[in-house]
Amino acid sequence: MESLILLEVAAAGLSLAKIGACVGAGLAAIAAGIGIGKIGSSAMDAIARQPEETNNIRTNMIVIAALIEGVALFAIIVCLLALYV
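Residues numbered from 1 in each chain as written. Predicted model: local features only at pLDDT ≥ 70, side-chain atom pairs only at ≥ 80, totals over all residues. Heavy atoms only, no water.

Focus: the overall build of the protein
In step 1: What the protein contains, in helices and strands, is three helices and zero strands.
In step 2: Listing the helices and strands of the protein from first to last along the sequence gives α-α-α.
In step 3: Taken over 85 residues, the protein has a buried fraction of 16%.
In step 4: Pairs at least 24 residues apart make up 68% of the contacts formed inside the protein by residues separated by at least 6 positions.
In step 5: Working note: accessible area of the protein is about 6300 Å², and carbon and sulfur atoms make up 71% of it. (Helix = DSSP H or I, 4+ residues; strand = E, 2+ residues; numbered from the N terminus. Buried < 20%, exposed > 50% of the residue type's maximum accessible area, 1.4 Å probe, protein only. Contact = heavy atoms within 4.5 Å. Areas by Shrake-Rupley, 256 points an atom, 1.4 Å probe, with all protein chains shown as cover.)

Structural data, given as structure tokens:
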């Protein structure tokens, strides 16, 4: 089945590098979503256990989520550059 798909892709004029770039961009977006979801879940757990530390936990959560978004955006840009260059 996989060889048939690769044969169809080759016939359509797409290279494996372009397919890899698309898969890489998709994986980067999915991984970032999962990571930010885990951060949010852990932060809500921590706030439930220590309500007096809500502001510190929320601040750290936002900073870490922003760093993950930055890495994901960088990965997607690299995949798009591989796609078009």
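Re the packing of helix α2 (residues 16–49) against helix α3 (residues 54–84)
In step 1: Contact geometry for α2 and α3: axes closest at 8 Å, N-to-C directions at 175°. Judged by the angle between their axes, α2 and α3 are roughly antiparallel.
In step 2: For the contact of α2 with α3, the residue count by class is 22 nonpolar, four polar and two charged. (Axes fitted to C-alpha atoms, helices over the stretch in contact; angles between N-to-C directions. Parallel < 35°, antiparallel > 145°, perpendicular 65-115°, else oblique. Nonpolar A, V, L, I, M, F, W, Y, C, P; charged D, E, K, R; others polar.)

Digging into α2
In step 1: With 34 residues, α2 ought to run about 50 Å at 1.5 Å a step, and its terminal C-alpha atoms sit 49 Å apart, in line with that.
In step 2: Looking only at α2, the buried set comprises A21, A25, A28, A32, I39, A43 and I47.
In step 3: Looking at the buried side of α2, the elements it contacts are α3. (Expected span 1.5 Å × (residues − 1).)

Regarding the confidence of the model for the protein
In step 1: Of all residues in the protein, 84% have pLDDT values of 70 or greater, and the mean over the chain is 85.
In step 2: When pLDDT is averaged over each element of the protein, α3 comes out on top at 90 and helix α1 (residues 2–12) at the bottom at 61. (pLDDT = per-residue confidence, 0-100.)

Description of the environment of A28
In step 1: Checked against the element boundaries, A28 lands in helix α2.
In step 2: Among the residues examined, A28 registers a relative accessible area of 12% and is labelled buried.
In step 3: Here the alpha-carbon distance between A28 and L73, two residues 45 residues apart in the chain, equals 8.1 Å.
In step 4: Excluding residues that lie within four positions of it along the chain, A28 makes contacts with A72, A75 and I76.

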